[in-house]
Amino acid sequence: MLHTKLPAYLYGNEELPYKGDGVLFHYTKFEKFKLIMEDLTLLPSSFERLNDMNEGNVHNMNLSQNFMIMYNTDKYIKEKCRIICFSQNYDIKGFGQEGTNHPAMWAHYADNSNGVCIVIDKEAFISKNKDIFENHFYKFEDVEYNLFNTPDDEKIDFEAETEQEFIKKNWKPLFFLKHKDWENEDEHRLFIMDYDGKLSIDGCIKYIVLGRKLFLDNIRIKELLDIIVNPSSICYHKFTPHSFATMCYNSHGYDTMDIASKILSIVKSNISDPIYKNYVEWLNTEQGYNIS
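Engineer: Is there a simple way to think about helix H2 (residues 67–80) in this case?
Structural biologist: For an α-helix, the turn length of 3.6 residues means that residues three or four places apart are oriented alike. The terminal C-alpha atoms of H2 lie 19 Å apart, and with 14 residues this matches the ideal 20 Å at 1.5 Å per residue to within 8%. Listed in full, the buried residues belonging to H2 are Ile69, Met70, Thr73, Asp74, Tyr76 and Ile77. The inward-facing, buried residues of H2 contact strand E4 (81–86), helix H6 (163–175) and strand E11 (188–193).

What follows is the structure, given as structure tokens:
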């Protein structure tokens, strides 16, 4: 996979999308995205907030096999287990589709295209958080889909002396099985135990896709740029206009397109502001732009 020093929209140029290429897509609302940009981290979610109620549900198993461990496991999952959900590139009739071109994902997770999709390099993400992953049990795998999405007792190893041991033996049927109705999400999930902190995405972002309605709103784009051009921000000197794209719709369906020109126009319209002027100078002197 091509790695870039700074985020840049790549598909359709140096790379072509295909499932399993290590590019992950995290959809979120705009207000949540601004919080993410404050420290460039993702906060894993509790299992109490899942959209498939069968996930991690030990009550669907044969509790009599190991009742107290099963009882404690249910509590432990809710209190000590966390996930981050991503989508992937996908395939339709042999043609690779970008994970950003998911109308249902934009509607369901990104506030009806008013939100954002953060495109993340999985290898860089794992490397960035290496110290955390080395000290906690985690799995980073595809979700499997089935019409009967309750764990099969015959495939469950009930022999465990602690809830942690039970989870480590049965993580896949517990946490990586969803109803077939969710299959179009092509989910790739991070599961982690005994860690309730944040995970860094600093240096792991390949590009950022603005929802179509957000793309049309210059005021909110300016809110985002105010963070990026601010010298006191962690984002300072980490994003260029070519770090951004949007999803467009046309007679061929949905496509993701570079919106550097739109970002540049807003930057130039605010160049009287010293922090925007300094940002333009950095783009010209260090990033090869030629902005007058």
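Engineer: Help me understand the environment of Pro7 in this model?
Structural biologist: The residue Pro7 is located in the segment before strand E1 (23–28) in this model. Residue contacts for Pro7: discarding those within four places in its chain leaves Ile205, Lys206, Tyr207, Lys238, Phe239, Thr240, His242 and Ser243.

Engineer: Explain the sheet that holds strand E14 (residues 244–250) here, please?
Structural biologist: Sheets are built from strands paired through backbone hydrogen bonds, the pairs being either parallel or antiparallel. Taking strand neighbours across the sheet as the criterion, the five strands line up as E1-E7-E13-E14-E15 in an open arrangement whose pairing is mixed. Strands with a single pairing partner mark the edges of an open sheet, and in this sheet they are E1 and strand E15 (253–258). Sheet twist, expressed as the average angle between the axes of neighbouring strands with direction ignored, equals 30°. With six bridges connecting them, E14 and E15 associate as antiparallel partners. What sits directly across from Tyr249, in E15, is Tyr254.

Engineer: Teacher, can you tell me more about the pairing of E4 here?
Structural biologist: Two faces, one strand: in a regular strand the side chains alternate between the faces of the sheet. The buried fraction of E4 amounts to five of the six residues, a majority that puts the element mostly inside the structure. Taken together, the two bridges between strand E3 (residues 45–46) and E4 define a ladder with antiparallel strand orientation. Across the sheet, Ser45 pairs through a bridge with Ile83, a residue of E4.

Engineer: Could you clarify how one ought to interpret helix H9 (residues 260–269) in this entry?
Structural biologist: Looking at H9, one finds that the buried residues are Ala260, Lys262, Ile263, Leu264, Ile266 and Val267. Those residues of H9 that are buried are in contact with helix H7 (212–215), helix H8 (218–228), E14, E15 and helix H10 (274–286).

Engineer: Please explain the sheet that holds E3 as it appears in this structure.
Structural biologist: In spatial order, the strands read E3-E4-E11-E8; together these four strands make up an open sheet with antiparallel pairing. Strands with a single pairing partner mark the edges of an open sheet, and in this sheet they are E3 and strand E8 (138–142). Contacts from H2 reach E3, E4 and E11 within the one sheet, and its direction differs from that of E4 by about 60°.

Engineer: Explain the pattern of salt bridges here, please?
Structural biologist: A side chain of one charge can pair with a side chain of the opposite charge when the charged atoms of the two come close. Scanning the entire structure with this criterion turns up 17 salt bridges. Two residues, Glu134 and Lys130, come together in a salt bridge whose shortest N-O distance is 3.9 Å. With Glu134 and Lys130 both in helix H5 (residues 130–134) and four residues apart, the pair spans about one turn of that helix. On the basis of relative accessibility, which here comes to 55%, the residue Glu134 falls in the exposed class. Residue class for Lys130 comes out partly exposed when judged on its relative accessible area of 46%. Residues Glu187 and Lys178 are paired through a salt bridge, measuring 3.2 Å at the closest nitrogen-oxygen approach. For the pair shown, Glu187 and Lys178 are each scored as buried. The network of salt bridges with shared partners includes Lys178, Glu185, Glu187 and Arg189.

Engineer: Help me out: how do you make sense of the packing of helix H1 (residues 30–39) against H8 in this one?
Structural biologist: Each packed pair of helices is defined by two parameters, the angle between the axes and the distance between the axes. Orientation of H1 relative to H8, taken along the N-to-C sense of each, is 10°, at an axis distance of 10 Å. Here H1 is positioned roughly parallel relative to H8, judged by the angle of their axes. Between H1 and H8, the contacting residues are Phe30, Phe33, Lys34 and Met37 on the first element and Arg220, Glu223, Leu224, Ile227 and Ile228 on the second.

Engineer: Please clarify how the side chain of Lys178 should be interpreted in this entry.
Structural biologist: With respect to the helices, strands and loops of the structure, Lys178 is situated in strand E10 (residues 177–179). At 3.2 Å, the side chain of Lys178 and the side chain of Glu187 are in polar contact.

Engineer: Looking at this structure, I do not really get the packing of aromatic side chains. What am I missing?
Structural biologist: Aromatic ring pairs are described here by two measures, namely the spacing of the ring centres and the angle between the planes. Tallying each qualifying case throughout the model produces 15 aromatic pairs. The structure contains a cluster of three or more aromatic residues connected by ring pairs, namely Phe86, Phe125, Phe133, Tyr138 and Phe140. The aromatic ring of Trp182 is capped on one face by Lys178, whose charged end is 4.8 Å from the ring centroid. In this structure, Lys262 is placed above the aromatic ring of Phe215, and the distance from its NZ or CZ to the ring centre is 4.1 Å.

Calculation rules
- Residues numbered from 1 in each chain as written.
- Predicted model: local features only at pLDDT ≥ 70, side-chain atom pairs only at ≥ 80, totals over all residues.
- Heavy atoms only, no water.
- Helix = DSSP H or I, 4+ residues; strand = E, 2+ residues; numbered from the N terminus.
- Expected span 1.5 Å × (residues − 1).
- Buried < 20%, exposed > 50% of the residue type's maximum accessible area, 1.4 Å probe, protein only.
- Contact = heavy atoms within 4.5 Å.
- Pairing = 2+ DSSP bridges.
- Axes fitted to C-alpha atoms, helices over the stretch in contact; angles between N-to-C directions.
- Salt bridge = Lys/Arg side-chain N within 4 Å of Asp/Glu carboxyl O.
- Parallel < 35°, antiparallel > 145°, perpendicular 65-115°, else oblique.
- Polar contact = N/O pair within 3.5 Å; in protein donor to acceptor, adjacent residues only side chain to side chain.
- Phe/Tyr/Trp six-rings, centres within 6.5 Å; stacked < 30°, edge-to-face > 60°.
- Lys NZ or Arg CZ within 6 Å of the ring centre and 35° of its normal.

Read these as geometric descriptors, not functional statements.
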